[in-house]
Amino acid sequence: MRLDKYLKVSRLIKRRTIANEACDAGRVTVNGKPARASYDIKVNDVIEISFGTRNVKAQVLDVSEVVRKDDAALLYRLIDG
């Protein structure tokens, strides 16, 4: 699954266009490397997103095309860092 779609489905970022813009601006890294929106996400990848002064780091636990809003948080695990 594409990185921008995963960020939207998992609700780490609310809209796919915003996820795309964040990737283009270099604010999203996967496994420590800057990632493009088209990057193919796999289980156990570590995604880091910079939101202004705040960073969110999450490990991918599952990749699913369709997820209910209540179950979106089950797709990843937040990492302290």
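Residues numbered from 1 in each chain as written. Predicted model: local features only at pLDDT ≥ 70, side-chain atom pairs only at ≥ 80, totals over all residues. Heavy atoms only, no water.

S.K.: Outline unusual backbone geometry, supporting the account with residue identities and numerical values.
M.R.: One non-glycine residue, Arg 11, lies in the positive phi region at around 65 degrees. Position of Arg 11 relative to the elements: it lies in the loop between α1 (3-9) and α2 (16-24). Even without being a glycine, Asn 44 presents a positive backbone phi close to 80 degrees. Within the secondary structure, Asn 44 is located in the loop between β2 (33-34) and β3 (46-51). (Helix = DSSP H or I, 4+ residues; strand = E, 2+ residues; numbered from the N terminus.)

S.K.: Mind laying out the pattern of salt bridges, listing which residues take part and the relevant values?
M.R.: According to the stated counting rule, one finds five salt bridges in the structure shown. Residue Arg 68 is joined to Asp 71 by a salt bridge in which the shortest nitrogen-to-oxygen separation is 3.5 Å. On the basis of relative accessible area, Arg 68 is assigned to the exposed category, the value being 55%. Put simply, Arg 2, Asp 4 and Arg 16 are held in one network by salt bridges that share partners. (Salt bridge = Lys/Arg side-chain N within 4 Å of Asp/Glu carboxyl O. Buried < 20%, exposed > 50% of the residue type's maximum accessible area, 1.4 Å probe, protein only.)

S.K.: Outline the sheet that holds strand β5 (residues 76-78), listing residues and values.
M.R.: If you trace the five strands from one edge of the open sheet to the other, you get β2-β1-β3-β4-β5, paired in antiparallel fashion. Looking at which strands have only one partner, the edges of the open sheet turn out to be β2 and β5. As paired elements, strand β1 (residues 28-30) and β3 share three bridges and run antiparallel to each other. Of the residues in β3, the one forming a bridge with Val 28 is Ile 49. (Pairing = 2+ DSSP bridges.)

S.K.: Account for the pairing of strand β4 (residues 54-60), with residues named and values stated.
M.R.: Bridge count between β3 and β4: six bridges; the pairing is antiparallel. Residue Ser 50 lies in a different strand from β4, and its bridge partner there is Asn 55. Counted between consecutive antiparallel strands, the loop separating β3 from β4 contains two residues, among which Gly 52 sits at a positive phi close to 65 degrees. Two strands pair when backbone bridges link them, and β4 and β5 are joined in this way by three bridges, in the antiparallel orientation. Paired with Gln 59 across the strands is Arg 77, a residue of β5.

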